[in-house]
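Here's the letter readout for the chains.
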Amino acid sequence: MSETSPKRWANILLRLRRPIMLAPMAFLSTSKLVAAASNAGILGMHGAGGLSAEALASDIDNIRQRLSDETFPFGVNLMSTTVTAQYLEATASKERTRRAVVHVEPWYSSHVGAESNVHDVARGAQTACTTASLTSTFSACIDVILDKKVPVLSVIFGTLPRETVEALQRNGTVVVGTATCVDEALVLEELGFDAVVAQGAEAGGHRGSFLDHATLVGTMSLIPQIADSVSIPVIAAGGISDGRGVAAAMCLGASAAAMGTAFIPCEESEASPQQIQGVLGATETDTIVTDIFTGRRARVLANTLSDTYEATLDHGGTAAARHRVLAQADNIAPFPLQAALMGPVKASGDASVSAVYCGQSARLVRERQPIQRIIDDIGMYLDALLK
């Protein structure tokens, strides 16, 4: 670990009014929301997973144009390809995709129509989603981060080579990893990452696991264990939706807290109506962790599709569950092929078949309001604790 890693992250925190990060949610943490978060005094993070290098460059320019002060920090999150490549290169990948098509096809008939054929989608996805193409896109996105001198880069689903971490740091970028267990945090520290997001089981969206994909450690348990095991700063994530959560995270050893679900319904959000209404109406028992929507585990609101699809899966014990999590079930294609197969179904706009990402503290989010008001309310709570 570089001796300056904590200082690099501390320099970001010093430029924030509150120690909060907008969780980088793909297709939800848009340029508009990221800039609004940074303008409100927290770290706006752009969920860039699935974007081309060209689209990423355009989004970064858009964020900068929206900032009320060019010195406000922001960041970008990318999906590491280190583990994804293992999925795609597995000998059973094509067979699993073939069987996934059989299970997804009825949903095309009921929700997509004749304009899209699941077999054509599968062939196109298998041609486009190769290890070579994903690696090439990821490398091009890293080049964009370097060229644009993005203040913060975070990664999920894996790691970065040490030489890439060091090149980013030399260029002025703070590099943050994601861990769902202590062993993952130790790997990130060894590779020279500046900070680590400790993602608890309560978090909405994709699980950031890259060593043990069945890991579901709660945030309150995870934060202090990671904080005690590494010397780089820890950022807490999972189930944090108000000032109490932020304060608790910092008491447990976190330097900052990442929040996602709480910001999905804010007035600056460009989330779909079903995503916003889903969060506003959700309770702590309405979510499940499943890989049926993308081939990677994610916490979403349970719905008709998830209930039906999950019923076809093998839940016969811990070993079976672990294999299913690794996208090795007969009827789930590996990430991102499953995501491509499910794309047209989710695009139908029907909440009963869409992936509505949501954390377990959604009951704390009950109205649409400006992001600045959300941050101010949290700030008032934190200030009161210090008096």
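The following paragraphs examine the structure supplied in this document. Note that this is a predicted model, so its numbers are computed, not measured.

The next subject is the overall build of the protein chain. If you tally the helices and strands in the protein chain, you get 16 helices and eleven strands. At 20 Å, the protein chain has a C-alpha radius of gyration in line with the 21 Å of a compact globule built from 387 residues. Overall, the C-alpha framework of the protein chain stretches about 60 × 45 × 45 Å when taken along its three principal axes. By residue count, 56% of the 387 residues in the protein chain fall in the buried class.

On to helix H12 (residues 273–280), then. Along H12, the positions that sit buried rather than exposed are Gln 275, Ile 276, Gly 278, Val 279 and Leu 280. The inward-facing, buried residues of H12 contact strand S11 (298–301).

You can see Ser 58 is positioned in helix H3 (residues 53–66). Linking Ser 58 and Val 353, residues 295 residues apart in sequence, is a C-alpha distance of 31 Å.

Structurally, the α-helix is built with 3.6 residues per turn, so residues lying three or four positions apart point the same way. Counted at 1.5 Å a residue, the expected span for helix H5 (residues 93–111) with its 19 residues is 27 Å, and the 26 Å between its end C-alpha atoms agrees. At Val 104, H5 shows its maximal kink, close to 35°; a proline, Pro 106, follows between one and four residues later. In the segment just after H5, Gly 113 is the residue with positive phi, at about 95°.

Let us look at the environment of Glu 202. With respect to the element layout, Glu 202 can be found in the loop between strand S6 (195–199) and strand S7 (205–206). Separated by 158 residues in sequence, Glu 202 and Gln 360 have C-alpha atoms that sit 5.2 Å apart. Those residues in contact with Glu 202 that lie beyond four places of it in its chain are Gly 218, Thr 219, Gly 238, Gly 239, Arg 299, Gly 359 and Gln 360. For Glu 202, the side chain forms a polar contact with the side chain of Thr 219, separated by 2.7 Å.

Glancing now at a nonpolar patch on the surface. Nonpolar side chains collect at one region of the surface, where Tyr 381, Leu 385 and Leu 386 lie side by side and expose about 350 Å² of accessible area between them. Looking at the secondary structure, you find Tyr 381 in helix H16 (residues 371–386).

So, on to the sheet that holds strand S3 (residues 74–79). If you trace the eight strands from one edge of the open sheet to the other, you get S1-S9-S8-S6-S5-S4-S3-S2, paired in parallel fashion. If you trace the sheet from one side to the other, it starts and ends with strand S1 (20–22) and strand S2 (44–47), each paired once. Averaged over all pairs of adjacent strands, the angle between their axes in this sheet comes to 25°, without regard to strand direction. In this sheet, strand S9 (residues 256–259) lies alongside S1 in parallel orientation, the contact comprising three bridges. Bridge pairing in S9 links Leu 22 to Met 259. Those strands touched by H3 are S2 and S3, and its axis lies near 160° from that of S3.

Okay, the state of the cysteines next. Under the definition given, this model contains zero disulfides. Free cysteine Cys 266: the closest other cysteine sulfur is in Cys 358, separated by 14 Å. Note on Cys 266: relative accessible area 1%, which makes it buried.

Among the six residues of strand S5 (residues 174–179), six are classified as buried, and the element is accordingly described as predominantly covered. Side chains Val 174, Val 176 and Thr 178 of S5 all project onto a buried face; the interleaved residues Val 175, Gly 177 and Ala 179 project onto the opposite face, where all are buried too. Looking at chain direction, strand S4 (residues 152–156) and S5 are connected through three bridges and run parallel. The residue of S5 that forms the bridge with Leu 153 is Val 175. Taken together, S4, helix H8 (residues 162–170) and S5 constitute a β-α-β crossover, and its handedness is right-handed. In this structure, S5 lies alongside S6, joined through four bridges in parallel fashion. For Ala 179, the partnering residue across the bridge sits in S6 and is Ala 198. Crossover handedness for the path S5 to helix H9 (residues 182–190) to S6: right-handed.

Thresholds, definitions, all that
Residues numbered from 1 in each chain as written. Predicted model: local features only at pLDDT ≥ 70, side-chain atom pairs only at ≥ 80, totals over all residues. Heavy atoms only, no water. Helix = DSSP H or I, 4+ residues; strand = E, 2+ residues; numbered from the N terminus. Rg over C-alpha atoms; globule rule 2.2 N^0.38 Å. Buried < 20%, exposed > 50% of the residue type's maximum accessible area, 1.4 Å probe, protein only. Contact = heavy atoms within 4.5 Å. Expected span 1.5 Å × (residues − 1). Bend = angle between axes of the 7 residues up to and from the residue. Polar contact = N/O pair within 3.5 Å; in protein donor to acceptor, adjacent residues only side chain to side chain. Patch = residues over 30% accessible without salt bridge, like charges linked within 9 Å, V, L, I, M, F, W, Y side chains within 5 Å. Areas by Shrake-Rupley, 256 points an atom, 1.4 Å probe, with all protein chains shown as cover. Salt bridge = Lys/Arg side-chain N within 4 Å of Asp/Glu carboxyl O. Pairing = 2+ DSSP bridges. Axes fitted to C-alpha atoms, helices over the stretch in contact; angles between N-to-C directions. Disulfide = S-S within 2.5 Å. Right-handed = clockwise from strand over helix to strand, strands pointing away.

Any link to function would need more than the numbers given here.
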